[in-house]
Number of protein chains: 2
Amino acid sequence: MRNAFFLPGVALPDNIAATGEMAAGRAANAVARGRRPSICAGALFRRARAPYARAQRRSFFAPRESSAASGKLLTEVLRECAPGAEPAILSGPVLSPRDVARHLPTAVTIAAKMDVALRLQATLGHATFRPYASDDLIGVALGGAAKNVYAIACGIVAGMGLGESARAALLARSFAELCRLGEKLGAKSETLMGLSGLGDLVLTATSPTSRNYSFGLALGKGSPRDELLRAGQPLAEGVETASALVARAGARHRASRRRGGRRYSFGQLALGRSLPRLMARPLKTE
Amino acid sequence: MRNAFFLPGVALPDNIAATGEMAAGRAANAVARGRRPSICAGALFRRARAPYARAQRRSFFAPRESSAASGKLLTEVLRECAPGAEPAILSGPVLSPRDVARHLPTAVTIAAKMDVALRLQATLGHATFRPYASDDLIGVALGGAAKNVYAIACGIVAGMGLGESARAALLARSFAELCRLGEKLGAKSETLMGLSGLGDLVLTATSPTSRNYSFGLALGKGSPRDELLRAGQPLAEGVETASALVARAGARHRASRRRGGRRYSFGQLALGRSLPRLMARPLKTE
């Protein structure tokens, strides 16, 4: 079997089959949900009953439609919609499935109840694709969601021509904020320091092939936000995720909401005005 | 005054003066030691008696010549050679002094006894150059030294054409190793997560303008190690630092020495052979 559109020239293994029938998924031991899970995730989950592995890294937060910007993690939506299913997330520093298909070395995290994670690890891992098992669903989901927001911010800084130093400083501060947020939400710090946290953040926030970074880059160069979000443009999920993160942080911790709120509100404060304001804050200890 | 060679077109402030006389340094409240501090650092320190601020980020580890690859931090060498001086380090994500001179926003860490750090912060900081004060000399020195080693490793992975995913995974693992090493040596984890730790690591290990990354890149593409280390080539301090780090880790913790030793020994194991070996390790939890 081949996937001529997304993976031209790659022969898929014999044990992979394509189907348009949801019934096939019902019989499976594990169901991997691919692209754009936040769109219609709830509806899909309700229709299938099986352990889930997410084979795609994007938008772990539920969209406004399903959870009204409550900032719920996708695994939480899954638990509500399909209480019998065992949630799992596959996440990590992978920008293109083509790299995996070309057997470039890739390491990712699979989070689930540990016995499920280890089973998925054994099923999916091979010589050049190395999944590490984790039982920290919150940490993996949080890292995968938040990195898109920080990638937009790093793209903005690059697009404004502020230099590599500023972008690196912002990335370090973003990671520190992610760790504070993770602590509030019950994520493990090892997870955030791992492949699906720091690894994915570094990749997404520095690579021009990342959609969220590119979105920030264009924003920083002066493209209007609404034009960049027009239908047909590549989806920068970090824009939606920013609101969800602020809501989530706000529900738990008012102080971090205030702090986060300003950074996450892309487009509400003119970029040219926000920079001097940030730079004028009092000097502090680290 | 101008520095026509390194900062062409930049007018230096009136309160900066150049001198070749060590005596001028003797009278100063603070002396900043710039490039290549590991070369003849001991000799210089012995000749001056004043608080020190390092205005340059490289090679915080003493060279073989002065401390026989004992892996001493430069601040420790300073303490031995000039016991009356107050050590300080300025470190962080800055690849080029030109960016600072052009007033691109830059954030760095100044580590010293806190009152000294705060005084240096007030003296050196301005609108676009933001030093954050810290009292963690060990953490700042360690981050500044280790990042060069990891940058070489990341360059190798990029040079071998292994893709962005592999480089990002390696960077995440490098940071985790840095944190373990820091814990053994008494560094604060906030420091390693900050500007002089993660911030500098990300910049140095992803930017083609970093000498250590470029060295690794060339190594990964097949250039012979000895040719790249020939006189006249840009200095990749990570090569020397690798040995110092292994020695330091070994003195404290045999297990991490074994683990670290293999990664740090650039050129001792053929790259083409070490990759399959790394990829063949058993799959683990994260």
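Residues numbered from 1 in each chain as written. Chains lettered and ligands numbered in written order. Predicted model: local features only at pLDDT ≥ 70, side-chain atom pairs only at ≥ 80, totals over all residues. Heavy atoms only, no water.

A. Summary view of the overall build of chain A. Secondary structure summary: chain A contains 15 helices and five strands in total. Looking at chain A as a whole, 53% of its 286 residues qualify as buried. (Helix = DSSP H or I, 4+ residues; strand = E, 2+ residues; numbered from the N terminus. Buried < 20%, exposed > 50% of the residue type's maximum accessible area, 1.4 Å probe, protein only.)

B. The packing of aromatic side chains, seen in detail. For the structure on display, the rule yields one aromatic pair over all chains. With a centroid separation of 6.0 Å and 85 degrees between ring planes, the pair formed by F175 of chain A and F175 of chain B is classed as edge-to-face. Placement of the pair is F175 of chain A in helix α8 (residues 164-185) and F175 of chain B in helix α8 (residues 164-185), with the two residues belonging to separate chains. Just as F175 of chain A is buried, F175 of chain B falls in that class too. The lysine or arginine in question, R173 of chain B, covers the ring of Y132 of chain A, its NZ or CZ lying 4.7 Å from the ring centre. (Phe/Tyr/Trp six-rings, centres within 6.5 Å; stacked < 30°, edge-to-face > 60°. Lys NZ or Arg CZ within 6 Å of the ring centre and 35° of its normal.)

C. Here's a closer look at the packing of α8 of chain A against helix α10 (residues 195-204) of chain B. Following both chains from N to C, one finds α8 of chain A and α10 of chain B inclined at 125 degrees, their axes separated by 8 Å at the closest point. Between α8 of chain A and α10 of chain B, the crossing angle belongs to the class labelled oblique. Judged by the twist between their axes, the crossing of α8 of chain A over α10 of chain B is right-handed. Note on element contacts: α10 of chain B touches α8 of chain A through L195, L198, G199, V202 and L203 of chain B, opposite E164, S165, A168, A169, L171, A172, R173 and F175 of chain A. Residue composition of the contact of α8 of chain A with α10 of chain B, by class: nine nonpolar, two polar and two charged. (Axes fitted to C-alpha atoms, helices over the stretch in contact; angles between N-to-C directions. Parallel < 35°, antiparallel > 145°, perpendicular 65-115°, else oblique. Left-handed = near helix turned anticlockwise from the far one by under 90°. Contact = heavy atoms within 4.5 Å. Nonpolar A, V, L, I, M, F, W, Y, C, P; charged D, E, K, R; others polar.)

D. Structural context of helix α7 (residues 137-159) of chain A. Residue and element names in this part refer to chain A. Across its 23 residues, α7 extends 33 Å between first and last C-alpha, which sits within 8% of the 33 Å expected from 1.5 Å per residue. With 21 of its 23 residues buried, α7 lies for the most part within the structure. Count one or two residues on from α7 and you reach G161, which has phi positive near 75 degrees. (Expected span 1.5 Å × (residues − 1).)

E. Molecular detail of α8 of chain A. Residues and elements named next belong to chain A. The end-to-end C-alpha distance of α8 is 31 Å, a good match for the 32 Å that 22 residues give at a rise of 1.5 Å each. With 17 of 22 residues buried, α8 lies mostly within the body of the structure. Directly beyond the C-terminal end of α8, a positive phi value near 95 degrees is found at G186.

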